[in-house]
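As a plain string of letters, each chain reads:
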Amino acid sequence: MNYTVLIVDDEAMPRKVLKEHLPWETLKVAHIFQASDGEEAIEQARQCQPDIVISDIKMPRMNGIQMAAIIREFCPHCQFIFLSGYSDKEYLKGAIKLKAANYVEKPIDLDEMQQALMEVIEELDKQPKTEDPAIRRQIFFHGRQDSDYQPNDAIFQGSQLHLDTIADCIRHRKEQDTETALRRLYREAALCEGTDPAYLRHFYRQIVFLFLTAAENYNITALTQNADYYLYTAADQETLSALWDTLYQISRTYFAALTCQDTDIVSRVDRYLEQHYQNPCLTVQDAAHDLGFANTYLCAAYKKSCGKTVNQHLTQLRVLHAKELLANTTQKLYEVAKNVGYANGKYFTKLFTRETGLSPKEYRERHRHET
């Protein structure tokens, strides 16, 4: 089988050396293309669909890792050999995540490069021969090959509006609306059998990113700790239905975690207020910061779960403790106010009267002998 290689380097000399001084025919390479940076390489790759990309890892405008991630979207079986200097080791983690075939240090050793290419080509030789694109699409959309079936040639075009709609549902915690949007997208995509599966896998990843971004904001580790699986392994599903089943699973995991988290937030906030209600400077922002939540999220989640605001609960808590002090101690009213978090005695009296229907003095007279 004859393979196609794309060489990418912002310096002309490494490209020239590789093209002219490797035994390409022996390596079963029939076509060699070149690019001087990552953006040019992406355009070249779209045209030539390379089997192997040899790329410098550190380039201006777009590094090799970023370039490779994009090429993988539309050329998923392409293999990458990265070239790097010793100081570029910080990129190694990205290369590993992309499952790069090899990593060759500069200055280039041609024997080492030839060995790396031989290993990659050996692996490519082992892969089953590429199916006809129409057959691949038929399996992707229908789960099987049927020689009598004639697929349509409609193309699905995922739009920013699609993504914005889903993002809005996720952001506003609308589980049913999110799943409805996902199912609508699935139905639209399933009717467009001329769409390249690689395109739909890329669109799938964009939706996954929406969930992962929200999960990071809410510290939902059930998703964030499995980000690589959802973005890479799960994205290689053979069929559209399996790909979307993964999205439904992500959605349900996300919203189930939010529900549990909301319940937990109430208990954590209540416990925090019990410990700090005596502080006259206490604010909801303080509670959110100390508990590790965004203020707006904490307020919304708390009210959704128990039907009242954090400040309303704080007021009720302070009044409850004030009642205990009024009924069971001889503390003066300003002392009671101070001990439940109110520096201003007059304000405390006004608030207590509003909440109970009795002034602190009247309450004490009615309840001081109760046990």
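(A) Representation of the overall build of the protein in the model. Each helix and strand counted, the protein has 18 helices and five strands in total. Over its C-alpha trace the protein gives a radius of gyration of 31 Å, far above what one expects of a compact globule, namely 21 Å for 371 residues. With respect to the principal axes defined by its C-alpha atoms, the protein has extents near 105 × 55 × 30 Å. A burial count over the protein gives 43% of its 371 residues as buried. For the protein, the proportion of contacts with a sequence separation of at least 24, taken over those separated by at least 6, is 69%.

(B) Structural context of the layout of surface pockets. Volume-wise, the second largest pocket comes out at about 200 Å³. Listed by contribution, the elements that provide at least two residues to the lining of the second largest pocket are helix H7 (160–171) and helix H9 (197–217). Considering every element that reaches the lining of the second largest pocket, the biggest residue donor is H9, with four residues. Looking at the lining of the second largest pocket, its residues break down into six nonpolar, two polar and one charged.

(C) Up close: the pattern of salt bridges. Under the criterion given, the structure shown has 10 salt bridges. Residue Arg61 is joined to Asp37 by a salt bridge in which the shortest nitrogen-to-oxygen separation is 2.5 Å. In this pair, Arg61 sits in the loop between strand S3 (52–56) and helix H3 (64–74) while Asp37 sits in the loop between strand S2 (29–35) and helix H2 (38–48), placing the two residues 24 residues apart along the sequence. Assessed through its relative accessible area of 62%, Arg61 is described here as exposed. Given the relative accessible area of 12%, Asp37 is considered buried. Asp56 is the salt-bridge partner of Lys106, the closest N and O atoms lying 3.3 Å from each other. Of this pair, Lys106 sits in the loop between strand S5 (102–105) and helix H5 (110–126) while Asp56 sits in strand S3, and the two are 50 residues apart along the sequence. Overlapping salt bridges bring together Asp9, Asp56 and Lys106 as one network.

(D) Highlighting the sheet that holds S2. An order of S2-S1-S3-S4-S5 is seen for the five strands of this open sheet, with the pairing classed as parallel. Unpaired on one side and paired on the other, S2 and S5 mark the two borders of the sheet. Within this sheet the neighbouring strands show an average axis-to-axis angle of 20°, counted without direction. Where strand S1 (residues 3–8) lies against S2, six bridges are found, and the strand directions are parallel. When the bridges of S2 are listed, Val5 appears paired with Ile32. Running over the sheet, helix H1 (residues 12–20) touches S1, S2, S3 and strand S4 (79–84) and is turned about 175° from S2. Along the sheet, H2 contacts S1 and S2; its crossing angle with S2, the most-contacted strand, is approximately 150°.

(E) Representation of the side chain of Thr195 in the model. As for its position among the elements, Thr195 is in the loop between helix H8 (175–190) and H9. Using a relative accessible area of 1% as the deciding quantity, one classes Thr195 as buried. Polar contacts involving the side chain of Thr195 include one to the main-chain carbonyl oxygen of Cys192, which spans 2.8 Å. Setting aside chain neighbours within four positions, we find Thr195 in contact with Arg137, Phe141, Ala154, Ile155, Phe156 and Leu200.

(F) The arrangement of the packing of aromatic side chains in detail. One pass over the full model with this rule turns up 10 aromatic pairs. Measuring from centroid to centroid gives 6.1 Å for Phe80 and Phe82, while their planes differ by 10°, and the two rings are stacked. Accessibility classification places Phe80 together with Phe82 in one group, the buried group. On the numbers, 5.9 Å between centres and 35° between planes, the contact of Tyr342 with Phe348 is tilted. In this structure, Tyr342 and Phe348 share a single accessibility class: buried. Grouped by ring-pair contacts, the aromatic residues Tyr342, Tyr347, Phe348, Phe352 and Tyr363 constitute a single cluster. Directly above the aromatic system of Tyr248 lies the positively charged group of Arg183, at a separation of 4.3 Å from the ring centroid. A cation sits over an aromatic face here: Arg318 above Tyr342, 5.0 Å from the ring centre.

(G) Region of interest: the nonpolar core. Within the largest apolar cluster, 69 residues are counted, with the highest numbers of intra-cluster contacts made by Tyr204, Ile207, Phe211, Leu223, Trp244 and Tyr254. For this core, the element with the highest residue contribution is helix H12 (residues 240–276), accounting for 14 residues. If we skip the residues at most four places from it in the chain, Trp244 touches Leu182, Leu185, Tyr186, Phe203, Tyr204 and Ile207. Counting residues in hydrophobic clusters, the runner-up holds 20 residues, among them Ala45, Phe74, Cys78 and Tyr103.

The rules behind these values
- Residues numbered from 1 in each chain as written.
- Predicted model: local features only at pLDDT ≥ 70, side-chain atom pairs only at ≥ 80, totals over all residues.
- Heavy atoms only, no water.
- Helix = DSSP H or I, 4+ residues; strand = E, 2+ residues; numbered from the N terminus.
- Rg over C-alpha atoms; globule rule 2.2 N^0.38 Å.
- Buried < 20%, exposed > 50% of the residue type's maximum accessible area, 1.4 Å probe, protein only.
- Contact = heavy atoms within 4.5 Å.
- 1 Å grid on protein atoms, 1.4 Å probe; cavity = no way out; pocket = protein on both sides within 12 Å on 5 of 7 lines; lining within 4 Å.
- Points joined across faces, edges and corners; volume = space filled by probe spheres on them.
- Nonpolar A, V, L, I, M, F, W, Y, C, P; charged D, E, K, R; others polar.
- Salt bridge = Lys/Arg side-chain N within 4 Å of Asp/Glu carboxyl O.
- Pairing = 2+ DSSP bridges.
- Axes fitted to C-alpha atoms, helices over the stretch in contact; angles between N-to-C directions.
- Polar contact = N/O pair within 3.5 Å; in protein donor to acceptor, adjacent residues only side chain to side chain.
- Phe/Tyr/Trp six-rings, centres within 6.5 Å; stacked < 30°, edge-to-face > 60°.
- Lys NZ or Arg CZ within 6 Å of the ring centre and 35° of its normal.
- Core = buried A, V, L, I, M, F, W, Y, C linked by side-chain atoms within 4.5 Å.

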